[in-house]
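The chain contents come next:
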Amino acid sequence: MSEPFDYGHFDIVLADYLRVNGISKNQLSDRANLQRTQLNSYCKNNIKRPDLDVLARICYALNCDLSDIIRYVHPQDRKGDHDNG
């Protein structure tokens, strides 16, 4: 069996966004109708399967784009890039 291919991953950078924009977790949890424990998991980037509804509520409450709170991290080794051409 071959080793799994590294496609990179996504990091949730919501905590950074809140800090830079001076928004508290309490404000966001109220605006987005989220439980504080759920919001903490997103802020700590401790989500294995992000809920699109939750992400939509966060973006709506913050008036931001998804790319403002989620970052794609490229794999360390790019030698295995697939060429679709």
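Residues numbered from 1 in each chain as written. Predicted model: local features only at pLDDT ≥ 70, side-chain atom pairs only at ≥ 80, totals over all residues. Heavy atoms only, no water.

Focus: the side chain of Asp11
Reasoning step 1: Structurally, Asp11 is set in strand β1 (residues 9-12).
Reasoning step 2: Residue Asp11 is classed as buried on the basis of its relative accessible area, which comes to 17%.
Reasoning step 3: Engagement of the side chain of Asp11 in a polar contact is seen with the side chain of His9, the distance being 3.4 Å.
Reasoning step 4: Each residue touching Asp11, except ones within four places of it in the same chain, is listed here: Asn45, Ile69, Ile70, Arg71 and Val73. (Helix = DSSP H or I, 4+ residues; strand = E, 2+ residues; numbered from the N terminus. Buried < 20%, exposed > 50% of the residue type's maximum accessible area, 1.4 Å probe, protein only. Polar contact = N/O pair within 3.5 Å; in protein donor to acceptor, adjacent residues only side chain to side chain. Contact = heavy atoms within 4.5 Å.)

With respect to the pattern of salt bridges
Reasoning step 1: Tallied over the entire structure, the rule returns 3 salt bridges.
Reasoning step 2: A salt bridge links Asp16 to Arg19; its shortest N-O distance comes to 2.3 Å. Taken together, the residues Asp16 and Arg19, both in helix α1 (residues 14-21) and 3 residues apart, mark about one turn of the helix.
Reasoning step 3: Judged by relative accessible area, Asp16 falls into the partly exposed class, the value being 36%.
Reasoning step 4: What makes Arg19 exposed here is its relative accessible area of 59%.
Reasoning step 5: The partner of Asp53 in a salt bridge is Arg57, and the shortest N-O contact between them spans 3.2 Å. Residue Asp53 and its partner Arg57 are located together in helix α4 (residues 52-62), separated by 4 residues, close to a single helical turn.
Reasoning step 6: A relative accessible area of 47% places Asp53 in the partly exposed class. (Salt bridge = Lys/Arg side-chain N within 4 Å of Asp/Glu carboxyl O.)

A closer look at the packing of helix α2 (residues 25-32) against helix α3 (residues 36-43)
Reasoning step 1: At a minimum axis separation of 10 Å, α2 and α3 run at an interaxial angle of 115 degrees. Like other packed secondary-structure pairs, α2 and α3 cross with a definite hand, here right-handed. For the pair α2 and α3, contact is made by Lys25, Asn26, Leu28 and Ser29 and by Arg36, Leu39, Asn40 and Cys43, respectively.
Reasoning step 2: Within the contact of α2 with α3, the residues separate by chemical class into 3 nonpolar, 3 polar and 2 charged. (Axes fitted to C-alpha atoms, helices over the stretch in contact; angles between N-to-C directions. Left-handed = near helix turned anticlockwise from the far one by under 90°. Nonpolar A, V, L, I, M, F, W, Y, C, P; charged D, E, K, R; others polar.)

Thoughts on the nonpolar core
A general tendency of soluble globular proteins is for nonpolar side chains to be buried together.
Reasoning step 1: Among the nonpolar cores identified, the biggest contains 20 residues, and Leu14, Leu18, Leu28, Ile58, Leu62 and Ile69 are the most heavily contacted of them.
Reasoning step 2: Those elements that place two or more of their residues in this core are α1, α2, α3 and α4.
Reasoning step 3: Top element by residues in this core is α4. It accounts for 6 residues.
Reasoning step 4: Those residues in contact with Leu18 that lie beyond four places of it in its chain are Ile23, Lys25, Leu28, Cys43 and Leu62. (Core = buried A, V, L, I, M, F, W, Y, C linked by side-chain atoms within 4.5 Å.)

Here we look at α1
Reasoning step 1: For α1, the set of buried residues is Leu14, Tyr17 and Leu18. Seen end-on, α1 carries its buried residues on one side only, within an arc spanning 95 degrees. Opposite the packed face of α1, turned more than 90 degrees from it, sit the exposed residues Arg19 and Val20.
Reasoning step 2: Downstream of α1 by a residue or two, Gly22 has a phi angle that is positive, lying close to 65 degrees. (Arc of directions from axis to C-beta.)

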